[in-house]
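# Reading the structure
Take a look at the letters that make up each chain.
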Amino acid sequence: MGEMKGLTRLTAASLLAGVALGATIAGAAELSVVSGAVGNDLAEMRQQLDRFAAESGHTVDLVSMPASTTDQFGQYRLWLSAQNRDIDVYRTDVIWAPQLAEHFVDLTPHVGDVIGGHFPAIVESQTVDGKLVAMPMYTDAPALYYRTDLLEKHGKEPPKTWEEMAATAKEIMDKERAEGNAQLWGFVFQGAAYEGLTCNGLEWITSFGGGQIVEPDGTISVNNPQSVKALDTVRGWIGTIAPPGVLAYQEEDARGVWQTGNAVFMRNWPYAYALGNSDDSAVKGKFDATTLPIGEGGDRSAATLGGWNLAVSKYSPNQEAAIELVKFLAGEEAQKFRALTNSRLPTIQALYDDPEIVEQQPLIPRWKEVFLNAVPRPSAPTKADYNEVSSEFWTAVHNTLSGSGEAESNLRRLEARLKRLQGSGW
Amino acid sequence: MAGPVSRNSELGRQRVRAAWGFLTPMLLVLALAAGWPLARTIWFSFTDARLSGLDEASWVGVLNYVEYLDYGDGEGEYFGLLADPSWWAAVWNTLRFALISVTLETLFGLIIALVLNASFPGRGLVRAAVLVPWAIPTIVSAKMWAWMMHDQFGILNDMGLALGLIDAPIAWTASPDTAMIAVIIVDVWKTTPFMALLILAGLQLVPSDIYEAARIDGVHPVKVFFRITLPLIRPAIMVAVIFRALDALRVFDLVYVLTPNNDRTRTMSVFAQENLFQFDKFAYGSAASTLLFVVIALMVILTITLGRMDLEGRRS
């Protein structure tokens, strides 16, 4: 009661003085968190932020950004280099840590009590020179979504290889189109020239046994016959099983075609699982997801490691409150909520055995093995040059798929350009 | 009436002082808002600056523009912006975009202006309606058109199919053949009203008695247009063209939203932005910005000279 009275008095005093409340009551800060989003990400984040605000007394502003990670990065780098004080918390892509490390607070001393519960490989990806740059919020590994109803109708099994996938897609597409389903396509993925194409391209090449563009030791390996084969195979899909417009698709475009029931297969991240099963979805209950296929001559399915993290800006005037927010959003409760509402893969190991998650989002426990074996993009070996490497790669892939030049010559050019970029070392 | 006053008289000196007094604030603002950033960009283009350490930049001469790497065996290779094919591709893209879009906009703008100059009922309403595309922020219209041009849900393809103009949906922004066309369509849609407005302003200054005289003399309307209207509104058209050309040469937002990271539509500004902020090459991006400035300056000088523009306001 005494405290209440004090608070009232304080409120009156601050109102009289025209001083912002936040400055007077100890600890109540106004935070800004910036985040890009696909699907339901922002709505889910807002719900969590409201709960945080109610619990902590801080207010949190959510600044939204475009869905493309490439667009986000350019803006964030600009803000951070200008030492912008308006944004306290950044939602960061798994590949950004080495490039932006110097601008973020070392979280190691603040999360010692909880970090042990997260997958070590993910924590490792966010650690640069012993500094924990960002706290993992969820991880990501793509899946091959397929229409159970259509596969059953035409007596097909979920494909194990890209060849099978293409054949199944073609057959179902042709038969369905003959029956009047004119809008149906076989396969949709992310083919626009942006970071997402780097993910897709890496998966094709790796699953064909063509390496990882730049190997962990820094060797440029992308120009090899298996990579050529992979890209030639994909090029054969454009206009046959994949719509020509797929070369401008990002995640949400692919999901748009898929969720309206116009694709047999889709490559996308797990978030599409929950959305595909939402009430307004045309494919609700008619699909499942499996691991991405293997290529001819490859020995494994390859899924690109994705995932998003939360970093606290070094220039934030409210670092303490910001760290509190990051711990909340990356905490067990928040990750569970995110898994249940948005089918985002938790980074906390224990959640994969959580009975509610197992029951409501069956994809998630099945996905533990997939992301543990996921292929990282070469952001660690190429360090500050990663964005340019990625841009060179997606340009070469996009040119090949859209018919500007042959896979072989495009990859040879890519190799030369990467070598020049590498210089005497990454 | 202020007659000519000798500069050496007391009054003349007073006037000059007053003029400088009025001009100084504007010159200061101009120096701060335009001069200083420009000088800084040019300076950075001769350094090895990185975005995260601008203060540590050190002078490297023209290495960002051109660098000859000698392999020591009599062979070597040129590097740097001037030897970078992707830069020249961006320059070419920009020039192509500017030339085609400004030409189309001038043509359509002229036609619309001529229509709007005629008096008909509801003219005020139509004039306002024509301006709508211009009033929509570029980002919004680019996004809107991106959806309209979408190969699966897009209304353009839907209408084309329904009318039998095309037999398969066109992937406007994805296909290398149509990406630039898509950008030009949106730009023409958006900025034609601007052209129409400027030309209309010019048209309304043409005295109506000239037309009357031509009509009495029985001059053919087409001849009236080419012999009277066009010469008289030429200064207005030239100003509009220069404005638009400047805008078109530094186009960024439309391309960035509609066809991001596409080799066929990457313009000079997009190239500079990529290097400045996406890649770790601030100095290289600054060099691109500097060349962009030079290219635009050259184009403007060229337009003014070829168009025999009279910037001094003298009448011959």
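Up top is the structure these notes are about.
Anyway, here's the lowdown on the structure attached to this text.

The rules behind these values
Residues numbered from 1 in each chain as written. Chains lettered and ligands numbered in written order. Predicted model: local features only at pLDDT ≥ 70, side-chain atom pairs only at ≥ 80, totals over all residues. Heavy atoms only, no water. Pairing = 2+ DSSP bridges. Helix = DSSP H or I, 4+ residues; strand = E, 2+ residues; numbered from the N terminus. Right-handed = clockwise from strand over helix to strand, strands pointing away. Patch = residues over 30% accessible without salt bridge, like charges linked within 9 Å, V, L, I, M, F, W, Y side chains within 5 Å. Areas by Shrake-Rupley, 256 points an atom, 1.4 Å probe, with all protein chains shown as cover. Salt bridge = Lys/Arg side-chain N within 4 Å of Asp/Glu carboxyl O. Contact = heavy atoms within 4.5 Å. Buried area = accessible area lost by both parts, 1.4 Å probe. Polar contact = N/O pair within 3.5 Å; in protein donor to acceptor, adjacent residues only side chain to side chain. Nonpolar A, V, L, I, M, F, W, Y, C, P; charged D, E, K, R; others polar. Axes fitted to C-alpha atoms, helices over the stretch in contact; angles between N-to-C directions.

### Observations regarding the pairing of strand S2 (residues 59–64) of chain A
Residues and elements named next belong to chain A. Two strands pair when backbone bridges link them, and strand S1 (residues 30–35) and S2 are joined in this way by 6 bridges, in the parallel orientation. Across the sheet, Val33 pairs through a bridge with Leu62, a residue of S2. Chirality of the crossover, the property in question, places the unit of S1, helix H3 (residues 41–56) and S2 among those that are right-handed.

### Examining a nonpolar patch on the surface
There is a patch of nonpolar side chains on the surface, built from B:Val16, B:Trp20, B:Leu23, B:Met26, B:Leu27 and B:Leu30 and spanning about 560 Å² of accessible area. Relative to the helices and strands, B:Val16 is located in helix H1 (residues 10–44).

### What to know about the interface of chain A and chain B
Each partner contributes residues to the interface: chain A has 36 residues there, and chain B has 25 residues. A combined buried area of about 2500 Å² lies between chain A and chain B, and 50% of that area is made up of carbon and sulfur atoms. Area buried by chain A at its contact with chain B is led by A:Arg77, A:Glu388 and A:Arg420, which between them contribute 19% of it. Between chain A and chain B we count 2 salt bridges in total. Its salt-bridge partner being A:Glu388, residue B:Lys281 comes within 2.7 Å of it at the nearest N-O pair. Counting the contacts that link chain A with chain B gives 13 residue pairs in polar contact (both at pLDDT 80 or more). If you list the elements that add at least two residues to the side of chain A that touches chain B, you get helix H4 (69–81), helix H11 (251–259), helix H18 (386–401) and helix H19 (407–422) of chain A. For the side of chain A that touches chain B, a count of residues per class yields 14 nonpolar, 15 polar and 7 charged.

### Quick notes on the sheet that holds S1(A)
Backbone hydrogen bonds hold the strands of a sheet together, and the pairing may be parallel or antiparallel. All names here are of chain A. If you trace the 5 strands from one edge of the open sheet to the other, you get S2-S1-S3-S11-S6, paired in mixed fashion. Edge strands, defined here as strands with exactly one partner in the open sheet, are S2 and strand S6 (135–140). Direction aside, the axes of adjacent strands within the sheet are offset by 20 degrees on average. Where S6 lies against strand S11 (residues 306–312), 5 bridges are found, and the strand directions are antiparallel. Paired with Pro136 across the bridge in S11 is Asn309. Along the sheet face, H3 touches S1, S2, strand S3 (89–93) and S6 and points at about 170 degrees away from the line of S2. Most of the contacts of H4 go to S3, to which it runs at about 135 degrees, and overall it touches S1, S3 and S11.

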